[in-house]
Amino acid sequence: MPSSPRPPLRCPVCGAALNVQVGPGDAARKALVCGSGHGFDAAKQGYFNLLVGKGTVFEADTAEMVAARFAFLDRGHYRPLADAVAAAVVPGITPGEPFTVLDSGTGTGHYLRVVLDEVQRRTASYAAVALDISKFALRRAARLNPEAISLACDVWQPLPVADAAVDAITVIFAPRNAAEFARVLRPGGRLVVVTPRAGHLAAVAAQAGMLSIEDDKDARLAESLSPHFAAESARDLDILMMLTPSEVADLAFMGPAGHHLDRTAITAKIGSGGVSTQVEARFRITVFRPARSAP
């Protein structure tokens, strides 16, 4: 568990500082409370819902999609990717100094778990904030990463994090709010972004109704983060997998296709025989620095 204080959080209603408040009793429930009296109780699964007002207009991942993602990631298929993300984060750590990570679009928390395991090998003083809009994902993420503060919030709204409060931000297949990321990242901090490359999951993409990867994705990524960030480095990672029909269905259903196809439809598209399929995942891990400190 981290020995550092919880990361500075901001109230989504008034912008005042949020503090963790613990109720009495052995089974005490936690709450986030600001000085103006706005409070947010922890769900029984351990996350906090900070989607205030009308919440979000974006479609959150369903319980079934999250279950498919958890099953797929828990088998370790994408563990090399999690290791690569962690390797991109930890160079920013000064041994013994406090370090705070923000995982935006944390999903089931599998990637953050590997990052935090690497962080704690280098410093005993660390903290983490995990963001997602899916309560089903956050339920699993909060259990997997109990030392993190898991928050339901919309990344396109002002983030409930104080200015210059985090040392590293990870964004894995999730939206990127460049202005807010630049605001909460400390000078010299690292923004680690994972995107798919051309040919990603090509063996199953067309038949499962998965989106194809645009040729200009890298250029659009850089443009979306400009003028707040500049790319410092990039690494390509390919993972070759032999997947059963059930695993292929999990892979397809856990992504955007799960929003417009049910699992039965996806299974029908890919077939349900006992033959395994060779599938190649192609990723790019890009490290960005705030433009003011980019080389």
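Quantities reported herein were computed from a predicted structural model and do not represent experimental measurements. (Residues numbered from 1 in each chain as written. Predicted model: local features only at pLDDT ≥ 70, side-chain atom pairs only at ≥ 80, totals over all residues. Heavy atoms only, no water.)

Trainee: Would you mind going over helix H4 (residues 135-144) with me for this structure?
Mentor: Since the α-helix advances by 3.6 residues per turn, residues separated by three or four positions end up pointing in the same direction. Ala 137, Leu 138, Ala 141 and Ala 142 are the residues of H4 that are buried. Down the axis, H4 shows its buried residues gathered within 130 degrees of arc, on one side only. Those residues of H4 that are buried lie in contact with helix H1 (63-74), strand E7 (126-132) and strand E8 (149-152). (Buried < 20%, exposed > 50% of the residue type's maximum accessible area, 1.4 Å probe, protein only. Helix = DSSP H or I, 4+ residues; strand = E, 2+ residues; numbered from the N terminus. Arc of directions from axis to C-beta. Contact = heavy atoms within 4.5 Å.)

Trainee: What should I look at first to understand H1 in this one?
Mentor: If you check H1, its first and last C-alpha atoms are 16 Å apart, about what 12 residues at 1.5 Å a residue would give, namely 16 Å. Of all the positions in H1, only Met 65, Val 66, Ala 68, Arg 69, Phe 72 and Leu 73 are classed as buried. Down the axis of H1, the sector holding all buried residues measures 160 degrees, keeping them to one side. Looking at the buried side of H1, the elements it contacts are helix H3 (110-120), H4, strand E11 (229-243), helix H8 (245-253) and helix H9 (263-270). (Expected span 1.5 Å × (residues − 1).)

Trainee: What is the right way to look at the packing of aromatic side chains in this model?
Mentor: Given two aromatic rings, one states the distance between the centres and the angle between the planes to describe the pair. By the definition in use, this model includes 3 aromatic pairs. Ring geometry for Tyr 78 versus Phe 283: centroids 5.1 Å apart, planes at 85 degrees, classification edge-to-face. With a gap of 205 residues between them, Tyr 78 in the loop between H1 and helix H2 (79-89) and Phe 283 in strand E12 (residues 277-290) connect regions that are remote in the sequence. Given a relative accessible area of 4%, Tyr 78 falls into the buried group. You can call Phe 283 buried: its relative accessible area is 0%. On the numbers, 5.7 Å between centres and 40 degrees between planes, the contact of Phe 173 with Phe 283 is tilted. Of this pair, Phe 173 sits in the loop between strand E9 (166-172) and helix H5 (178-184) while Phe 283 is found in strand E12, placing the two residues 110 residues apart along the sequence. Residue Phe 173 is classed as partly exposed on the basis of its relative accessible area, which comes to 40%. Joined through ring pairs, the aromatic side chains of Phe 72, Tyr 78, Phe 173 and Phe 283 make up one cluster. Sitting over the face of the ring of Phe 70, Arg 140 holds its NZ or CZ atom 4.7 Å from the ring centroid. (Phe/Tyr/Trp six-rings, centres within 6.5 Å; stacked < 30°, edge-to-face > 60°. Lys NZ or Arg CZ within 6 Å of the ring centre and 35° of its normal.)

Trainee: Please clarify how unusual backbone geometry should be interpreted in this entry.
Mentor: Phi is mostly negative for residues that are not glycine, and the peptide bonds are mostly trans. Note the cis peptide between Ser 226 and Pro 227, where omega equals 5 degrees. For Ala 164, which is not a glycine, the phi torsion comes out positive at approximately 50 degrees. Position of Ala 164 among the secondary structure elements: in the loop between E8 and E9. A positive phi angle, near 55 degrees, is found at Leu 201, a position not held by glycine. On the accessibility criterion, Leu 201 (4% relative accessible area) is buried.

Trainee: What is the right way to read the sheet that holds strand E5 (residues 48-49) from this model?
Mentor: Strands belonging to one sheet form pairs held by backbone hydrogen bonds; the direction of such a pair is parallel or antiparallel. Taken together, the 8 strands give an open sheet; going across it, the order is E5-E8-E7-E6-E9-E10-E12-E11, and neighbouring strands pair in mixed fashion. Looking at strand neighbours, the two that pair on one side only are E5 and E11, the edges of this open sheet. Where strand E6 (residues 99-104) and E9 come together, 4 bridges link them in parallel fashion. Looking across to E9, one finds that Leu 102 is bridged to Ile 169. Most of the contacts of H2 go to strand E10 (residues 185-196), to which it runs at about 160 degrees, and overall it touches E6, E9, E10, E11 and E12. (Pairing = 2+ DSSP bridges. Axes fitted to C-alpha atoms, helices over the stretch in contact; angles between N-to-C directions.)

Trainee: Can you help me understand the pattern of salt bridges in this one?
Mentor: When the charged atoms of two side chains lie near each other, side chains of opposite charge can form a pair. Tallied over the full model, the rule gives 18 salt bridges. Salt-bridge contacts for Arg 183 lead to Glu 180; the nearest nitrogen and oxygen are separated by 2.7 Å. Taken together, the residues span about one helical turn, with Arg 183 and Glu 180 both in helix H5 at a distance of 3 residues. By the burial criterion, Arg 183 is buried, and Glu 180 matches it. A salt bridge links Glu 232 to Arg 190; its shortest N-O distance comes to 3.9 Å. (Salt bridge = Lys/Arg side-chain N within 4 Å of Asp/Glu carboxyl O.)

Trainee: Explain the packing of H1 against H4 to me, please; I cannot follow it from the model alone.
Mentor: Angle between the axes and distance between the axes are the two parameters that describe a pair of packed helices. Close contact between H1 and H4 brings their axes to 8 Å; oriented N to C, the two are set at 35 degrees. Touching Ala 63, Val 66, Ala 67 and Phe 70 of H1 are Phe 136, Ala 137 and Arg 140, all from H4.

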